[in-house]
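# An overview of the molecular structure
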Amino acid sequence: MLGSPFNPHEPLGRVDVAPDRLNHSAPRRAICSRCQRPLRTCLCALVQPTAHRTDVLVLQHPHEAREAKNSVALLRLSLARCTAVVGERFAPDALHALLHPPGMAVRLLYPDVPAAPAPSATTAPALDPHTPLRLVVIDATWRKSLRMLLEHPILAALPRLSLNNPAPTRYRALRAARNPDQLSTLEATVQALAMIEASAFDGVPLLQSFGRFVDREMTRRAGRNASKRSASTAKDLVVPSR
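Heads up: these notes are all about the structure in this document. Within every chain, residues take consecutive numbers counted from 1 along the sequence as written. Where local features are concerned, this predicted model is filtered to residues with pLDDT of at least 70; where side-chain atom pairs are given and counted, the filter is 80 or more; whole-chain, interface and lining totals use all residues. No hydrogens and no water enter the side-chain calculation; it runs on all heavy atoms of the structure.

### What about the overall build of the protein?
Put simply, the rule is: Strands are runs of DSSP state E lasting at least 2 residues, helices are runs of H or I lasting at least 4, and numbering of each runs from the N terminus. Three exposure classes are used, based on accessible area relative to the maximum for each residue type with a 1.4 Å probe and protein chains only: buried under 20%, partly exposed in between, and exposed over 50%. Contacts: residue pairs with any heavy atoms within 4.5 Å of one another. Per-residue and other accessible areas were derived by the Shrake-Rupley procedure at a 1.4 Å probe size, with only the shown protein chains allowed to occlude residues.
Along the backbone of the protein there are seven helices and seven strands. Secondary structure of the protein in N-to-C order comes out as β-β-β-α-α-β-α-β-β-α-α-β-α-α. Burial analysis of the protein (242 residues in total) assigns 38% to the buried set. Across the protein, the fraction of contacts at a sequence separation of at least 24, relative to all contacts at a separation of at least 6, is 75%. Summed over its atoms, the accessible surface of the protein is roughly 14,200 Å², and 56% of this surface lies on carbon and sulfur atoms.

Below is the structure:
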C-alpha cells in the first residue's frame, strides 16, 4: 500500500462516509478523504508541510498501519517525498527495487546492534550532497523491526545511518518504549533529515505539530478513562430490584 503526498492546495471540505462492514444498521462513520481517519481524529489540522530534498521510504509493519497512535500518517502527509509501504515480508525482487533505485544513494536509519551488526563503513562511499538520497526507515516495535531486518538480508546489508545523541521523545506518554532513547518514527526521521540536510532542513514546526498530536491523544485517553470510571461508579450505585 503506497502513501500519497499531501497537497496543501486541495480543498479541505471533502468527506467520505464509510458504512460499517459488519452491521448495516449501525451509525455510519464519517471519514476524512485526505488522511483517511475518522473525523474525530482527523490529522489535517496538524499537517505541517516541510521542505526537504531526501527521499524517505517507510517500511511499515501491518500492526503499525492499524495503530491509531502511529506517527507515520502525520509524517507522510507532511513530507512531499515520503512513501509508506506496508508489509512484514517482502518479495526479494520488489524489495530490491525499493532499496536500490537507479541513480540514488541509500541509507537505512537503524542503529548498529549486536543482534544485527551494521555493514562495514568502508563498504559504502561517503554521501555526496549532489547525489539524490533515499532514507529507508522501518516502522515497527523494536522486536518486530529486528525481525524484519533479519528476515531480509538485502535490507540488513544497507549502509546504516544512526542518530547521534537523539533528542528526548514526547512519544513515551502514549506508547511504552524498550529503551529510554527510543523515538517515534516521525521524530527519528525528522532528526535524521536534520543530520543529512543540516541547515537546509527545518523540522522544528513538524515536531511541534507532533507534540500537539501527542497532547490531543493524551486528552482523548483521559476522557475515555474518565468515562469508564463514571460508568463503573454508576454500576456500583444501582439499587437491586426487590
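That was the structure; now back to the text.
### Considerations on the state of the cysteines
Just so we agree on the cut-off: Working definition: a disulfide is two cysteine sulfur atoms within 2.5 Å of each other.
Counting across every chain of the model gives zero disulfides. This cysteine, cysteine 35, is not joined by any disulfide, and cysteine 42 carries the nearest cysteine sulfur, 3.8 Å off.

### A look at helix 4 (residues 142–150)
Selection rule: Each C-beta atom gives one direction from the helix axis, and the arc is the one those directions make.
Residues of helix 4 that are buried include every one of Ser145, Leu146, Met148 and Leu149, and no others. Down the axis of helix 4, the sector holding all buried residues measures 160°, keeping them to one side. Opposite its buried face, helix 4 presents the exposed residues Arg143 and Leu150, each directed more than 90 degrees away.

### Regarding the environment of histidine 152
Selection criterion: Think of a polar contact as two N or O atoms within 3.5 Å of one another; within protein, one of them needs to be a possible hydrogen donor and the other a possible acceptor, and neighboring residues in sequence only count if both atoms come from side chains.
Secondary-structure assignment places histidine 152 in the loop between helix 4 and helix 5 (153–156). Once residues within four sequence positions are removed from consideration, histidine 152 is found in contact with Glu88, Arg89, Phe90 and Leu95. Among the polar contacts listed, one links the side chain of histidine 152 to the backbone nitrogen of phenylalanine 90, at a separation of 3.0 Å.

### Some remarks on the environment of alanine 51
As for its position among the elements, alanine 51 is in the loop between strand 2 (29–32) and strand 3 (55–60). In sequence terms alanine 51 and arginine 81 are 30 residues apart; their C-alpha atoms lie 9.1 Å from each other.

### Focus on the side chain of threonine 185
Tracing the chain through its elements places threonine 185 in helix 6 (residues 185–197). By relative accessible area, which is 10% here, threonine 185 ends up buried. A distance of 2.5 Å separates polar atoms of two side chains, one belonging to threonine 185 and the other to aspartate 139.

### A look at the sheet that holds strand 6 (residues 133–139)
As a reminder of what qualifies: By definition, two strands form a pair when at least two bridges between them are found by DSSP. Helix axes use the C-alpha atoms of the stretch in contact, all axes being lines fitted to C-alpha atoms, and the angles between their N-to-C directions lie in the range 0 to 180 degrees.
In space, the five strands of this open sheet follow the order 4-3-6-5-7, with parallel pairing throughout. Bordering the open sheet on either side are strand 4 (82–86) and strand 7 (160–161), each of which pairs with just one other strand. Across two bridges, the pairing between strand 5 (residues 105–109) and strand 7 is parallel. Note on strand 7: the bridge partner recorded for leucine 109 is leucine 161. Set on the sheet, helix 3 (residues 92–99) makes contact with strand 3, strand 4, strand 5 and strand 6; between it and strand 3 the angle comes to about 150°. Along the sheet, helix 6 makes contact with strand 3, strand 5, strand 6 and strand 7, crossing strand 6 at roughly 160°.

### Let's talk about the pairing of strand 5
In terms of burial, strand 5 is a largely internal element, four of the five residues being buried. Looking at chain direction, strand 5 and strand 6 are connected through five bridges and run parallel. For leucine 108, the partnering residue across the bridge sits in strand 6 and is valine 136.

### Looking at the packing of aromatic side chains
The relation between two aromatic rings is expressed through the spacing of the ring centres and the mutual angle of the planes. Here is the rule we go by: Aromatic contacts are taken between Phe, Tyr and Trp rings whose centres are within 6.5 Å, Trp giving its six-membered ring; a plane angle under 30 degrees counts as stacked, one over 60 as edge-to-face, and the others as tilted.
Tallied over the entire structure, the rule returns three aromatic pairs. A centroid spacing of 5.7 Å and a plane angle of 10° characterise the contact between tyrosine 110 and tryptophan 142, whose relative ring orientation is stacked. Taken as a pair, tyrosine 110 in the loop between strand 5 and strand 6 and tryptophan 142 in helix 4 lie far apart in primary sequence, 32 residues in all. Judged by relative accessible area, tyrosine 110 falls into the buried class, the value being 5%. Between phenylalanine 210 and phenylalanine 213 the ring centres are 5.9 Å apart and the planes differ by 25°, which places this aromatic pair in the stacked class. In this pair, phenylalanine 210 and phenylalanine 213 both sit in helix 7 (residues 204–236), three residues apart, roughly one turn of the helix. Linked through ring pairs, Tyr171, Phe210 and Phe213 together constitute an aromatic cluster.

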